[in-house]
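Descriptive analysis of the structure
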Amino acid sequence: MLLRRPITAFMLILATLIFGTIALSELSVSLLPEVDSPTLLVRTDWSGAAPREVEQRINEPMEAVLSTVKGLESVHGFARQGQSIISLRFKWGQNMDLSFLNVREKLDQIRYTLPEQADRPQLVQNTASDEPIAVLGVTSLNESDPDFGTRLNLKRWAEQVLSRRLEQADGIAQTVLVGAVEPEVQIRFRPKALNRFGVSLSEVENLVSQANLFTATGELRDGWYRYSLKIQSRIKSIGDVQEVPLKTLGTGRVLKLSDVAEVQLDEADPTSFSLVDEHEVLSVLVKKEYGANTVEAYDTMLPLLDELRGQNANIGITVLQENASFIRNAINNLLQTLLYGAVLAFIVLFLFLDNWRTPFTIGVAIPVSIFLTFFVMFISDIQLNIVSLSGLTLGIGLLVDNAIIVLENINRHRSASTSVFEAADLGTREIALAVTASTLTTISVFLPLVFLGGFEGAFFQDQAWTLSISLLASLGVALLILPVLVTQFQKEGEGGSSVFGVNRFFDRMRDRYEQSLQWALRRKALFLGGMSVLLIAALYLFMLVHKSVLPETEPRQLRYQVRLPGNTSLHATRQAAESLINRLNQMKQEDRPIRVLGGYTDQTNLSNLSEEGINKFTMSIPVDGYAMADRVRETITGYFQEQPGWTTKPLAVQNALNVLPSASEPPVLFRLVDKNRRQSEQLAPRLQERLRSAGLDITLARQYEQELDTYQLRFKTQNLLQLGISEQEVIRYLESLTRGSWITDWNRQDENVPIRLVGYDRQIFEPENIVLDLNNRQVPLVKLASIERASEPEQLERVNQTPVLSYMGDISFTDWWWRGEEIRASLTDFARETGTEVQVGGAVMGVASLLSDMGLLLLISVVIIYIILSVQFESLRHPLIILAAVPFAWVGSVAVLWMTGISLNALSFMGILILTGIAVNDSILKVDFMRRYLADTGDLHQAITQAGLHRFRPVVMTSLTTIFGLIPMLLPFGDGYAFRQSLALALMGGMVTSTLLTLYLVPIIFQWVEGRRIRNGKIRN
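A short tour of the structure in this document, coming up. Quick caveat, the model's predicted, so the values are computed rather than measured. (Residues numbered from 1 in each chain as written. Predicted model: local features only at pLDDT ≥ 70, side-chain atom pairs only at ≥ 80, totals over all residues. Heavy atoms only, no water.)

**A word on the packing of aromatic side chains**
Quick note on the threshold: Side-chain rings of Phe, Tyr and Trp (the six-membered ring for Trp) are treated as a pair once their centres are within 6.5 Å; stacked means planes under 30 degrees apart, edge-to-face means over 60, and tilted covers the remaining angles. Residue exposure (1.4 Å probe, protein chains only): buried if accessible area is under 20% of the type maximum, exposed if over 50%, otherwise partly exposed.
Taken as a whole, this structure holds seven aromatic pairs when the rule is applied. Relative to Phe640, the ring of Tyr639 has its centre 5.7 Å away and its plane inclined at 85°; by these criteria the two rings are edge-to-face. Taken individually, Tyr639 and Phe640 each receive the classification buried, so the pair is uniform in this respect. Feature note: the residues Tyr513, Phe527 and Tyr1000 constitute an aromatic cluster, connected by ring pairs.

So, in structure tokens, the structure goes:
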């Protein structure tokens, strides 16, 4: 025992502080835990294909094969123009590396059954590193409106210099360019010239492709030496392309490509754009390595950017967005909160304890426990984030609870002991079992969370570990270090002094508590009736409290996705974005620009892949608080009312909600499952009427309502045969005339530039106006094919290999909470009448699942607590007395959330979970004293009275230290305070009621239970 080795104890304290400080400086820092959703995404590009064709030729066969992968939970497929997206969601806890390999194997099996024109399927794994840690803007400082050459030079510099320098830095994995100009060599053929010289398009393609060969043909042997033979490409410049020979004419002259076509380096059709306050910029998305420290990676990047600015005076590099400052501020604010909470807890100790030495004796428990926790976090690879640090901050008050209880018991033995050493030894050993049990019961609240699967387990695992580690550390300090400090710093016979008269006030409070307790014991029925009314009221308020996954933070940025009609070009999409920026310019902040990303911006990001398109753009608008956010929302709403066919939806802020499952989904989705989507569309009004007839005022809106106009061509075979024209000639001609026919890639230094055959005149807007110049004759397209204009959905959806049609319902989570069963019953009746199944999905289901899992976790925790208490007390009766008060402790939490308007979310639920352990702790000490006193004296009334006198002080002190330690978390300053508030308010509100219930309700229940047992025992005797 360390009581006889004080120097050893002091060295342990010193070592803990040193190693804890080192560990704190080395801990990985992030905003939220990196929760990797068990999701894989398969993307297959098929340029020009219509959504229905993509669904039939790619999605259906691919989903059938992928559905056999082990551990797969659901398959969600989307088919849209030119692209197939299939999302594979696996069970939580699945080995995603193994699943990745299994899916890749299936894709290799099905690759050759897909259309030849389709690209190879790309497999994307969703990780927390998908979101960029920073967005850079690269511009030319010499030109406000740069031409094609300047933009191309910027793009090449960003690829070859900026990206390479950044990707070589520690912690940075990848950079993605958005709005970059893509060069291509365009061969604009002249049909009349081709016909005059008898050269076909296929011949041009073959000859240009052959001129760009680069291959090894073998090797020569010369005795001891070997020499490889390589055929080099003849294309080294644009001039080489122009000089490609096509044929030898009868006059002996060689016909060159420049004789029948114009060859030039031009801009390829863009797929994305990036705007900053109407100005086009080249955006660079910087992504960190998996598991890397976001703040450190950003700090590593800054000096590199300064160095590049100095080396390139004509290039501007601006940080448009970054998450590191928010993370750093949020973590620093929490560390300050941790410090302020410790100071406030120490002040409470200083006011209530007997002398000036005692608070310092107990106060050692706080820094030792915290720094020991930092050390264990470092060796266990636990991140320092809002969730883990909040758990440690919540535990500030708990860290001194064990020390207060042990010290109170030591002081109780001081008068009867011959020395401080004997009192410390006897007092510690007597209370050790009860303190250990109370600590274990608090930890047992989080034990199921460590092993809980799903999003909740992954998200709160760090918090569970940090709280458990800190509580175990505080237990070790209270039982091993504190007795040593008492023997070294407290003098014989010292005690009894009062600081600022607090103890005298405290004694008067205890006397009044004793009187009120006697009054409550005489009126048990009235008191219990009042408690029951409060419990019923809390249940009602629980239904009214707003519920969400995470708390809402004060808006600093609004994000919207804007969708234009399906056939809108990227150029028109950009003009629409500029128009909206002009409308918002009057109210934006000068130092914070409006940013727009449009088109296909990031093809490696799961959430972006499923939401982007040529006709869509995402706008980030800086705001300052709720008032400005409301004005921006009103302006956007009014603007879109003036733009028919435009739709918009708000998006989650990237730096706060990117870890959440289904964060981008609408609140409620009704999916009509039927192979005939037209029939599902006709049944949607009937479904809405069915819901309204059941008293549910729900309006359904199609989720993917936009349509695409397409031209469908059917060849006239007889006409083709009469004119001697093949279908492939027509297809190649149309492909070249419209989007351009790819021939080969020209390897120019470090970049591959496509060489594309395009029509000389691309300004054709109607297929009826197309005239094909083939075989020395001009043939209108209408003579070769029938042309029909048709409309089809922009995006087709399938769930678990079945076509669905999704409709959004305008109901909130509260409506779903109250009327969920009625809605399900109406859907069942609808399915019986129509034979069409209706599935329910959306973000509301995720919130309901979260609350259900957290409720199950709470129930499991209570069961574990009961098991621990039954073992400690060797009784099945006394643990029930303790647990009976737990539901009443939740009354304060629910009431505070309702009064403050803060939602019941995952973080506030964690506060309630922690409250359960604290309420049990106080009750354990009370019941333990009462049962031991009753066993010794047999006087039930006296046992309750003495427990009130001896346990009133430690119960109130531990509650006050916890409450005061949480006060800094309520202050609305700094980044991330909404997360702190949700945790602290739920815990503080419950602490008030749990303390009152421990002081009154537990003695009343104990008297009632033990009184009946005694009376029954006398009757039997």
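**Quick look at a nonpolar patch on the surface**
So the rule is basically this: Only residues whose relative accessible area exceeds 30% and that form no salt bridge are eligible for patches; like-charged ones are grouped when within 9 Å, while nonpolar side chains (Val, Leu, Ile, Met, Phe, Trp, Tyr) are grouped when within 5 Å. Surface accessibility follows the Shrake-Rupley procedure with a 1.4 Å probe radius. Residue values consider only the protein chains on display as shielding. Salt bridge, as used here: a side-chain nitrogen of Lys or Arg that lies within 4 Å of a carboxyl oxygen of Asp or Glu. Only DSSP runs of H or I reaching four residues or more are called helices, and only runs of E reaching two or more are called strands; each is numbered from the N terminus.
Taken together, Ile7, Phe10, Met11, Leu14, Ile18, Phe19 and Ile22 make up a surface patch of nonpolar side chains, about 680 Å² in accessible area. As for its position among the elements, Ile18 is in helix 1 (residues 6-26). The exposure class of Ile18 is partly exposed, given its relative accessible area of 44%.

**Let's talk about unusual backbone geometry**
At Glu278, a position not held by glycine, the phi torsion is positive, near 75°. Structurally, the position occupied by Glu278 is in the loop between strand 13 (272-276) and strand 14 (279-280). Given the relative accessible area of 30%, Glu278 is considered partly exposed. Here the phi dihedral of Asn800 falls at roughly 50°; this positive angle occurs in a residue that is not glycine. By the element assignment, Asn800 lies in the loop between strand 29 (795-799) and strand 30 (802-809). Taking the relative accessible area as the measure of exposure, Asn800 reaches 40% and is therefore partly exposed.

**Structural notes on the sheet that holds strand 18 (residues 595-599)**
This is how it is decided: Pairs of strands are assigned from DSSP output, requiring at least two bridges between the strands. Residues are treated as being in contact if the distance between any of their heavy atoms lies within 4.5 Å. Interaxial angle, 0 to 180 degrees, is taken between N-to-C directions of lines fitted to C-alpha atoms, where a helix line uses only the stretch in contact.
In space, the six strands of this open sheet follow the order 14-13-18-19-17-20, with antiparallel pairing throughout. Either end of the sheet is taken by a strand with one partner, and the two such strands are strand 14 and strand 20 (647-651). Relative to strand 20, strand 17 (residues 557-563) runs antiparallel, the two sharing five bridges. Bridging across to strand 20, Tyr560 finds its partner in Pro650. Packed onto the sheet, helix 19 (residues 570-584) meets strand 13, strand 14, strand 17, strand 18 and strand 19 (613-622) and runs at close to 20° relative to strand 19.

**Considerations on the side chain of Arg677**
Tracing the backbone shows Arg677 in helix 23 (residues 677-693). Its relative accessible area of 12% is what places Arg677 among the buried residues. Contacts of Arg677, omitting those with residues within four sequence positions, involve Glu55, Leu796, Glu797, Arg798, Pro803, Val804 and Leu805.

**Quick look at the pattern of salt bridges**
Oppositely charged side chains are able to pair whenever their charged atoms sit close together. Taken as a whole, this structure holds 26 salt bridges when the rule is applied. Of the charged contacts, one joins Lys155 and Glu159 as a salt bridge, the two residues approaching to 3.4 Å between their closest N and O atoms. Here the residue Lys155 and the residue Glu159 both occupy positions in helix 4 (residues 148-167), the gap between them amounting to four residues, near one helical turn. By relative accessible area, Lys155 is classed as buried at 4%. A relative accessible area of 31% places Glu159 in the partly exposed class.

**Re helix 21 (residues 626-641)**
Inclusion rule: Expected helix span is computed as 1.5 Å times (number of residues minus one). In this description, one arc is meant: the one made by directions from the helix axis to the C-beta atoms.
Across its 16 residues, helix 21 extends 23 Å between first and last C-alpha, which sits within 8% of the 22 Å expected from 1.5 Å per residue. What helix 21 keeps buried is the set Met628, Ala629, Val632, Thr635, Ile636, Tyr639 and Phe640. The buried residues of helix 21 occupy an angular sector of 125° when the element is viewed end-on, so they sit on one face. Opposite the packed face of helix 21, turned more than 90 degrees from it, sit the exposed residues Ala627, Glu634 and Gln641. Where the residues of helix 21 are buried, they touch strand 17, helix 19, strand 19 and strand 20.

**Things to note about the packing of helix 4 against helix 9 (residues 294-311)**
As a reminder, the rule being used: Handedness of a crossing follows from how the near helix is turned relative to the far one, being left-handed for an anticlockwise turn of less than a right angle and right-handed for a clockwise one.
Two numbers describe how helix 4 lies on helix 9: the axes approach to 10 Å, and their chain directions differ by 145°. Regarding helix 4 and helix 9, the two cross each other, and that crossing is right-handed. For the pair helix 4 and helix 9, contact is made by Trp157, Val161, Leu162, Arg165 and Leu166 and by Met301, Leu304, Leu305, Glu307, Leu308 and Gln311, respectively.

**Section: helix 30 (residues 886-900)**
Here helix 30 spans 23 Å end to end across 15 residues, near enough to the 21 Å set by a 1.5 Å rise per residue. Residue Gly901 follows helix 30 closely and has a positive phi angle near 80°.

**Describing the sheet that holds strand 16 (residues 315-322)**
Hydrogen bonds between backbone groups are what pair the strands of a sheet, and the pairing can be parallel or antiparallel. In spatial order, the strands read 6-15-5-16; together these four strands make up an open sheet with antiparallel pairing. In this open sheet, the two edge strands, each paired with only one partner strand, are strand 6 (172-178) and strand 16. Neighbour-to-neighbour, the strand axes of the sheet open up by a mean angle of 25°, direction not taken into account. On top of the sheet, helix 4 reaches strand 5 (134-140), strand 6, strand 15 (282-288) and strand 16; it is set at about 170° to strand 6, its chief contact. Packing of helix 9 onto the sheet brings it into contact with strand 5, strand 6, strand 15 and strand 16, and relative to strand 16 it is tilted by some 165°.

**A look at the environment of Leu541**
Along the chain, Leu541 falls in helix 18 (residues 524-544). In sequence terms Leu541 and Met899 are 358 residues apart; their C-alpha atoms lie 9.6 Å from each other. With residues up to four places along the chain from it excluded, the contact list for Leu541 reads Val894, Ala895 and Trp898.

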